[in-house]
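# A structural walkthrough
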Amino acid sequence: MASEAHLSCPESWEERKRPRSWNRRFGFSDYAATRAFLDRLTELSEEFGYYPNLNFTRDYVVIAIQFEGEEIDAKLAGYAHAAQAAYAAAG
């Protein structure tokens, strides 16, 4: 079962109420770092069975996770927290 902290919006993410979503822009120094993060997101997507909306350029990636209805889906929340951890590890 997911903890309360796990179901809360990760630090530095924007939470929107309608539709309920979590969004975050991750910045990078160059395309190689951006590409490495995108590769890690691919691994996370395969692990979680979830593919969020992504937008990216040479030096940033935007992740948008949209929930169905008002409830926070534990799997999608887990993806957001894993992406946050992957970014911190890449730092």
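Below or above, wherever it landed, is the structure these notes cover. (Residues numbered from 1 in each chain as written. Predicted model: local features only at pLDDT ≥ 70, side-chain atom pairs only at ≥ 80, totals over all residues. Heavy atoms only, no water.)

### Re the overall build of the protein
Selection rule: For the purposes of this entry, the term helix denotes a DSSP run of H or I that reaches at least four residues, the term strand denotes a run of E that reaches at least two, and both are numbered from the N terminus. This radius of gyration counts C-alpha atoms alone. The globule rule is 2.2 Å times how many residues there are, raised to the power 0.38. The buried label applies to any residue whose accessible area, calculated with a 1.4 Å probe on protein chains only, is under 20% of its type's maximum; exposed applies above 50%, and partly exposed to all values in between. Should any heavy atoms of two residues lie within 4.5 Å, those residues are counted as being in contact. For accessible areas, the Shrake-Rupley method is used with a probe of radius 1.4 Å. Any residue's cover is judged against the shown protein chains and nothing else. The charge count treats Lys and Arg as positive and Asp and Glu as negative. His and the chain ends do not count. Just so you know, the charge point we use is NZ for Lys, CZ for Arg, CG for Asp and CD for Glu.
Across its full length, the protein holds 2 helices and 4 strands. Starting at the N terminus and ending at the C terminus, the protein contains elements arranged as β-β-α-β-β-α. Taken against the 2.2 N^0.38 rule, which gives 12 Å for 91 residues, the C-alpha radius of gyration of the protein at 13 Å falls within 12% of a compact globule. In terms of overall dimensions, the protein has C-alpha extents of about 35 × 25 × 20 Å along its principal axes. Among the 91 residues that make up the protein, the fraction classed as buried is 35%. Across the protein, the fraction of contacts at a sequence separation of at least 24, relative to all contacts at a separation of at least 6, is 64%. Just so you have it, the protein exposes about 5,600 Å², and 48% of that area is on carbon and sulfur atoms. The protein carries 10 positive and 14 negative side-chain charges, and their two centres are separated by 5 Å.

### Section: the packing of aromatic side chains
The description of an aromatic ring pair uses the distance of the two centres, along with the angle that the planes make with each other. Our working rule: Pairs were defined over the aromatic rings of Phe, Tyr and Trp, the Trp ring being its six-membered one, requiring ring centres within 6.5 Å. Orientation was assigned from the angle between planes: stacked under 30 degrees, edge-to-face over 60, tilted for the rest. In this scheme, Lys NZ or Arg CZ marks a charge over a ring once it lies within 6 Å of the ring centre and within 35 degrees of the ring normal.
Following the criterion strictly, the structure yields 9 aromatic pairs and no others. Taking 5.8 Å as the distance between ring centres and 75° as the angle between the ring planes, the aromatic pair formed by F48 and Y79 counts as edge-to-face. With F48 in helix 1 (residues 31-48) and Y79 in helix 2 (residues 74-90), this residue pair connects regions lying 31 residues apart in the sequence. Counting every residue linked through ring pairs, the aromatic cluster contains W13, F26, F28, F37 and Y87. Sitting over the ring of Y60, R25 keeps its end group 3.6 Å from the ring centre.

### Focus: unusual backbone geometry
Cis rather than trans, the peptide bond between R18 and P19 has omega equal to -15°. Within the secondary structure, P19 sits in the loop between strand 1 (14-17) and strand 2 (20-27). You will see that S12, though not glycine, has its phi angle at about 75°, which is positive. Tracing the sequence through the fold places S12 in the segment before strand 1.

### What about helix 2?
Spelled out, the test is: In this analysis, the expected span of each helix is defined as 1.5 Å times one less than the number of residues it contains. Definition of a polar contact: a pair of N or O atoms within 3.5 Å, with one able to donate and the other able to accept a hydrogen when the atoms are protein atoms, and with sequence-neighbouring residues admitted only if both atoms are side-chain atoms.
If you check helix 2, its first and last C-alpha atoms are 24 Å apart, about what 17 residues at 1.5 Å a residue would give, namely 24 Å. Elements in contact with the buried residues of helix 2: strand 2, helix 1 and strand 4 (60-66). The N-cap of helix 2, judged by a side-chain oxygen 2.8 Å from the amide nitrogen of K75 a few residues on, is D73.

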